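Examining the three-dimensional arrangement
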Amino acid sequence: MIAKEDITEVRKRVDGYVGSKVLVKANKGRKRIVIKQGVLQSTYPSIFVVKVQNELQNTYRTVSYSYTDLLTNNVELSLCQE
């Protein structure tokens, strides 16, 4: 079981990187892994939002993930070197 303190600690750490360029590696199940590069746009009490660029067009979209995804290793978040 995931403790509330763990989620709060993860949220504080992610909150410090708002506005930074990040690499998101998400496990979508059945051996499907999606890797996207974007900007950590904002954090909320239950989720964080990453703005990513579409591959085919020159448009952007927002993708949200929960902090429990980070704790359960369904999503990996790392900073990009600029």
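In this text, all values refer to a predicted model and were calculated from it rather than measured experimentally. Numbering of residues starts from 1 in each chain and follows the order in which that chain's sequence is written. Per-residue local features are limited, in this predicted model, to residues with pLDDT of at least 70; the limit for side-chain atom pairs, both in listing and counting, is 80 or more; totals at the level of whole chains, interfaces and linings are taken over all residues. Processing note: side-chain calculations cover all non-hydrogen atoms of the structure and skip hydrogens and water entirely.

What about the environment of Q41?
Numbered from the N terminus, helices here are DSSP runs of H or I no shorter than four residues, and strands are runs of E no shorter than two. When you line up the elements, Q41 lands in strand β2 (residues 32-43). The class of Q41 is partly exposed, set by a relative accessible area of 38%. Between the C-alpha atom of Q41 and that of N73, which follows or precedes it by 32 residues, the distance is 21 Å. With sequence-adjacent residues up to four places away left out, Q41 is seen in contact with V18, V49, V50, K51 and T62. For the exposure calls, accessible area comes from a 1.4 Å probe over protein chains only, and a residue counts as buried if that area is under 20% of its type's maximum, exposed if over 50%, partly exposed in between. By the convention used here, residues are in contact when the closest approach between their heavy atoms is within 4.5 Å.

Side note on the layout of surface pockets
Put plainly, a pocket is an open set of points on a 1 Å grid over the protein atoms alone with protein on both sides within 12 Å along at least five of seven lines, a cavity is a set where a 1.4 Å probe fits but cannot get out, and a lining residue has an atom within 4 Å of a point. Grid points are joined across faces, edges and corners, and a volume is the space filled by probe spheres set on the points. Put simply, the largest pocket is a space of about 230 Å³. Residue lining of the largest pocket: V10, R13, V14, Y17, V22, L70, L77, S78 and L79, and that is the complete set. At the level of secondary structure, the elements contributing two or more residues to the lining of the largest pocket comprise α1 (4-15) and β5 (75-79). Class assignment of the residues belonging to the lining of the largest pocket gives a composition of seven nonpolar, one polar and one charged. Side-chain classes are defined by residue name, with Ala, Val, Leu, Ile, Met, Phe, Trp, Tyr, Cys and Pro counting as nonpolar, Asp, Glu, Lys and Arg as charged, and the others, Gly among them, as polar.

A short note on the environment of T72
Along the chain, T72 falls in the loop between α2 (67-71) and β5. Using a relative accessible area of 41% as the deciding quantity, one classes T72 as partly exposed.

Here's the deal with the side chain of S66
As for its placement among the helices and strands, S66 is situated in strand β4 (residues 60-66). Relative accessible area serves as the criterion here: at 19%, S66 is assigned to the buried category. A 3.5 Å cut-off defines polar contacts: any pair of N or O atoms within that distance qualifies, except that in protein one atom must be a possible hydrogen donor and the other a possible acceptor, and neighbouring residues in sequence count only when both atoms are side-chain atoms. In terms of polar contacts, S66 uses its side chain to reach the side chain of T68, at 2.9 Å. Sequence-distant contacts of S66, defined by excluding residues within four places in its chain, comprise S46, I47 and F48.

So, the side chain of S42
Among the secondary structure elements, S42 is positioned in strand β2. Setting aside chain neighbours within four positions, we find S42 in contact with V18, F48 and V49.

Some points on the environment of I2
The residue I2 is located in the segment before α1 in this model. For the pair I2 and T72, spaced 70 residues apart in sequence, the C-alpha separation works out to 8.9 Å. Once residues lying within four places of it in the same chain are set aside, the contact partners of I2 are I7, T68, L71 and T72.

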